[in-house]
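Observations on chain architecture
If you want the building blocks of each chain, they are given just below.
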Amino acid sequence: MPSAGLLSLILAVLQRDVIASLRRGSEWSNPLVFYVMVCALFPLGIGPQPERLAELAPGILWVVALLASLLATDSLFRGDFDDGTLEQMLLTHQSLYPQVLAKTLAHWMMTGLPLSVLSPILGVLLQLPPAGMLPLMASLVLGTMVLSFIGAIGAALTVGLRKGGLLLSLIVLPLYIPVLIFGSSVVKTAIDGGPYMPQLAMLAVFFLVALALSPLAICGALRISVDQ
Amino acid sequence: MSISSTFHKWGSPRWFYQFSGRLLPWLAGLSLLLLLGGCIWGLAFVPADYKQGNSFRIIYIHVPASAVAMGAYVTMAVAGAIHLIWRMKLAAMVMKAIAPIGASLTFLALLTGAVWGKPTWGTWWVWDARITSVLILFFLYLGIIALHQAFENRDAAAKACAVLAIVGAVNIPIIYWSVEWWYSLHQPASISFTGESTIHPTMLRPLMATLSGMYLFFAWVLLLFTRAEILDRERNTRWVQDIVCGEAR
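This next bit is on the interface of chain B and chain A. Accessible area lost on assembly of the parts is the figure often given for the size of an interface. The interface is formed by 17 residues belonging to chain B together with 15 residues belonging to chain A. Every element with two or more residues in the side of chain B that touches chain A is listed here: helix H5 (129–150) and helix H6 (154–168) of chain B. Top element by residues in the side of chain B that touches chain A is H5 of chain B. It accounts for 8 residues. When the residues that make up the side of chain B that touches chain A are grouped by side-chain class, the tally is 13 nonpolar, 3 polar and 1 charged.

With 130 residues, the main nonpolar core has Leu61, Val146, Ala156 and Ala221 of chain A together with Met95 and Leu164 of chain B as its most contacted residues. Apart from residues no more than four positions distant in its own chain, Leu164 of chain B is found in contact with Leu157 and Ile171 of chain A together with Gly143, Ile144 and Leu147 of chain B.

Below, the discussion takes up the environment of Ala131 of chain A. Residues and elements named next belong to chain A. Topologically, Ala131 is positioned in the loop between helix H7 (112–125) and helix H8 (133–158). Taking the C-beta count within 10 Å as the criterion, Ala131 has 14 such neighbours and is therefore assigned partly exposed. Separated by 81 residues in sequence, Ala131 and Pro50 place their C-alpha atoms 16 Å apart. When neighbours within four sequence positions are excluded, Ala131 is seen to be in contact with Ala190, Ile191 and Gly193.

A few words on the environment of Leu203 of chain A. Residues and elements named next belong to chain A. Its location among the elements puts Leu203 in helix H10 (residues 197–227). For Leu203, a count of 23 C-beta atoms within 10 Å corresponds to the buried category. For the pair Leu203 and Ile224, spaced 21 residues apart in sequence, the C-alpha separation works out to 30 Å. For Leu203, the contacting residues outside a window of four places in its chain are Ser139, Leu142, Gly143, Val146, Phe182 and Gly183.

What counts, and where the lines are drawn
Residues numbered from 1 in each chain as written. Chains lettered and ligands numbered in written order. Predicted model: local features only at pLDDT ≥ 70, side-chain atom pairs only at ≥ 80, totals over all residues. Contact = placed C-beta atoms within 7 Å. Helix = DSSP H or I, 4+ residues; strand = E, 2+ residues; numbered from the N terminus. Nonpolar A, V, L, I, M, F, W, Y, C, P; charged D, E, K, R; others polar. Core = buried A, V, L, I, M, F, W, Y, C linked by C-beta atoms within 7 Å. Buried ≥ 20, exposed ≤ 12 C-beta atoms within 10 Å, placed from the backbone.

Following this line, the structure appears as structure tokens:
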């Protein structure tokens, strides 16, 4: 088989993963349902006073989106590992880097992107002031992409283990913290009427660094997991 | 001797075991001397701070523990990189040994920081940039310990932890410069090697003693842990069996 062009390779993997995920249904809908349900727990837990909810909304929306993205991450390589697709990916003479990049992007398109699109509706439920809606979506679009790339490193490291779920959160959560800090501060600053572009630019920096470097770590981790 | 033969010598667990055995008493003696001496000096003979009174004296544990906790992480990440690149077995053992030591030192740094924060800032804990990033460092250590325990295959565990340690190393420059980037409750570094230190020499000298003592203590404990790991991994080799039988006799 002749080596395919880089872009067509990325597109092929992207298309395959998105279609597979769409057909399985629960893979992309479960994180969304989780997001809605957990966000609904907060007004019940801390009381429904609108002012208090409005104050906490940026943090709640961001933390729950982070957890939903984390829970979805475990399945990123699991299916391909179990049925041997991952091994085939490593064996082909196509380089692994673009394939991993495409898989992670596909995963984000099925988890982080819907979460970001849905977030204004939950913002309304949690009394998030209107000024925070667009910054919330923008910060989540960039932020969940970074989360997907970081999470993919953890998923690749733990994919060969039988009980990966809880361990994955232990190793990935510390790395999520900076994203959470800048992400929720975008929304908070926007509500206070301040300039939120610097924090958004910081998230974009995180995204570009993660986009360039994390596939290297993911490839290394996948080789370790498949070899053992 | 060429570079590659030095490298091979250092990569040999047996040579390292014998070499480190000769180093151990020196490290133990010097580190205890400096740590205990520095503490007694700092607690009993240094004058009290004009603002903080006696509470500042915890600096003689807090600063060394924090500095070595960070240094330990860098050492672990470098050992991980060496293991991944050159497949040096010894580096994997060093890496595994560092994680629990580093976690303990980080915990000590957080604990002494809280104890120091109560009288000076009036609170045990603030979500300040440096404290938060040291807390992340603590979580990273715990994550590496958990990841190592999850693997049954030792080689895979070492390689996976090496990848995680290298990825987590992004946190180190953030901790180091956090007090300058986000000026907050935690003061910036008082000790400077290039400019003038902002700490009085009478307070600085015992701090230097405990700081170097803590580095030596780390080296000592690291050697002990690594030696135990070497014996465990090489237990099927002749030279380990000779040592164990010799001690049993």
